[in-house]
Structure formats: C-alpha cells, structure tokens
Amino acid sequence: QVQLVESGGGLVQPGGSLRLSCAASGSIFGINAMGWYRQAPGKERELVAAITSAGSTNHADSVKGRFTISRDNAKNTVYLQMNSLKPEDTAVYFCALHQLRFDYWGQGTQVTVSL
C-alpha cells in the first residue's frame, strides 16, 4: 500500500508564489512517476505536471514558465513550485504516484488565488 500526504496549499494573491510538497510512503518501487493534478469547481481533473524517477518532466501548457515540478527520490517526495499565480490556478491540487499498473492519490490541498 502507498500513502501520499500533500502540504503547502493556501490563499495567495495574484502574482504570488506557493510551494506544494507531497511525501509518499509505503511500497515505493524505484521506477515510477509522480505528478500533480488539479480540479477546479465544475471542471474535470487535469494534469498540471509530472516527473519520472529518472527526472524527466512534463508541464501543462497553461503552467509552463510559471510552475516547476521536482522530486527528491531519497525522500520519496515531489514538489511543485508555483510562481506568478493567477486566479484561474485556483483549484484543489492532488498528488499522484503511478507505478506498475496502479495509481495512488493524495487527499488534495486547496490553492486559492485571490485578492
């Protein structure tokens, strides 16, 4: 079993920054991918960014140049540095671990960008 615990969400003004963290524990294998997804009210969950255990990254077009995903394999932790935040970034952000044929999800953390 795998557990994911997110932290770092909150309320920030437009143009501000936040850093999300997600710590994974349990049966973690060396080869996997971790990602951040978000879901705004009334919208489907969407991929924000993903990173493999080898360090390859993928960012959604809507966040390129503003968000950066990174990971610390020794700590089984993935981060999402979010800069130049916009009101449209407001959503619940979920961490996910994809390994073998399974997907594991965190409980989500709220990010609100507002004056």
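A short tour of the structure in this document, coming up. Position labels on residues start from 1 in each chain and follow its written sequence. Only residues with pLDDT of at least 70 get local features here, since the model is predicted, and only at 80 or more are side-chain atom pairs given and counted; chain-wide, interface and lining totals rely on the full set of residues. The side-chain quantities take in all heavy atoms of the structure and omit both hydrogens and water.

Attention now goes to the packing of aromatic side chains. Here the aromatic set is Phe, Tyr and Trp, taking the six-membered ring for Trp, and pairing holds for ring centres within 6.5 Å; pairs whose planes are under 30 degrees apart are stacked, those over 60 apart are edge-to-face, and all others are tilted. Taken as a whole, this structure holds 2 aromatic pairs when the rule is applied. For a lysine, the NZ atom is tested; for an arginine, the CZ atom; a charge sits over a ring if that atom is within 6 Å of the ring centre and within 35 degrees of the ring normal. Looking at Arg 19, its charged tip hangs above the ring of Tyr 79, at a distance of 4.1 Å from the centre. Against the face of Phe 94 rests Arg 45, its NZ or CZ located 3.8 Å from the ring centre.

As a further point, take the side chain of His 59. A run of H or I in DSSP counts as a helix once it spans at least four residues, and a run of E counts as a strand once it spans at least two, with each numbered from the N terminus. Structurally, the position occupied by His 59 is in strand β6 (residues 57–59). Definition of a polar contact: a pair of N or O atoms within 3.5 Å, with one able to donate and the other able to accept a hydrogen when the atoms are protein atoms, and with sequence-neighbouring residues admitted only if both atoms are side-chain atoms. A polar atom in the side chain of His 59 sits 3.1 Å from the backbone nitrogen of Ile 69. The contact definition used throughout considers only heavy atoms, calling two residues in contact when any of these lie within 4.5 Å. If sequence neighbours within four positions are ignored, His 59 has contacts with Val 48, Ala 49, Lys 64, Phe 67, Thr 68 and Ile 69.

What follows concerns the pattern of salt bridges. The term salt bridge refers to a pairing of a side-chain nitrogen on Lys or Arg with a carboxyl oxygen on Asp or Glu at a separation within 4 Å. Applying the stated criterion across every chain yields a total of 4 salt bridges. Close ionic contact of Asp 89 with Arg 38 constitutes a salt bridge, the shortest N to O distance being 2.9 Å. Pair noted here: Asp 89 is in the loop between β8 (77–82) and β9 (91–99) and Arg 38 is in strand β4 (residues 33–39), with a separation of 51 residues, a long-range link. Salt-bridge contacts for Asp 61 lead to Lys 64; the nearest nitrogen and oxygen are separated by 3.1 Å. Judged on exposure class, the residue Asp 61 and its partner Lys 64 are both exposed. Salt bridges linked by common partners bring Arg 38, Glu 46, Arg 66 and Asp 89 together as one network. For the exposure calls, accessible area comes from a 1.4 Å probe over protein chains only, and a residue counts as buried if that area is under 20% of its type's maximum, exposed if over 50%, partly exposed in between.

We now examine the nonpolar core. Grouped together as the largest cluster of nonpolar side chains are 28 residues, with contacts concentrated most on Leu 4, Trp 36, Leu 80, Met 82 and Tyr 93. Elements represented by at least two residues in this core include exactly β1 (2–7), β3 (18–26), β4, β5 (46–52), β7 (67–72), β8, β9 and β11 (109–113). Ignoring sequence-local partners within four residues, the contact set of Tyr 93 consists of Glu 6, Leu 20, Trp 36, Tyr 37, Arg 38, Val 48, Phe 67, Leu 80, Met 82, Gly 108, Thr 109 and Val 111. We call a set of buried Ala, Val, Leu, Ile, Met, Phe, Trp, Tyr and Cys residues a nonpolar core when their side-chain atoms join them within 4.5 Å.

All right, on to the pairing of β9 then. Burial of β9 is extensive: 7 of the 9 residues sit out of reach of the surface. Two strands form a pair only when DSSP identifies at least two bridges running between them. Across 7 bridges, the pairing between β4 and β9 is antiparallel. Along β9, the bridge assignment pairs Tyr 37 with Phe 94. Of the pairings in the sheet, the one linking β9 to β11 comprises 3 bridges and is antiparallel in character. Residue pairing for β11: Val 92 is matched across the bridge by Gln 110. In this sheet, strand β10 (residues 102–105) lies alongside β9 in antiparallel orientation, the contact comprising 4 bridges. Looking at the pairing, Gln 99 lines up with Phe 102 of β10. Connecting the antiparallel pair β9 and β10 is a turn made up of 2 residues, with Leu 100 showing a positive phi of about 55°.

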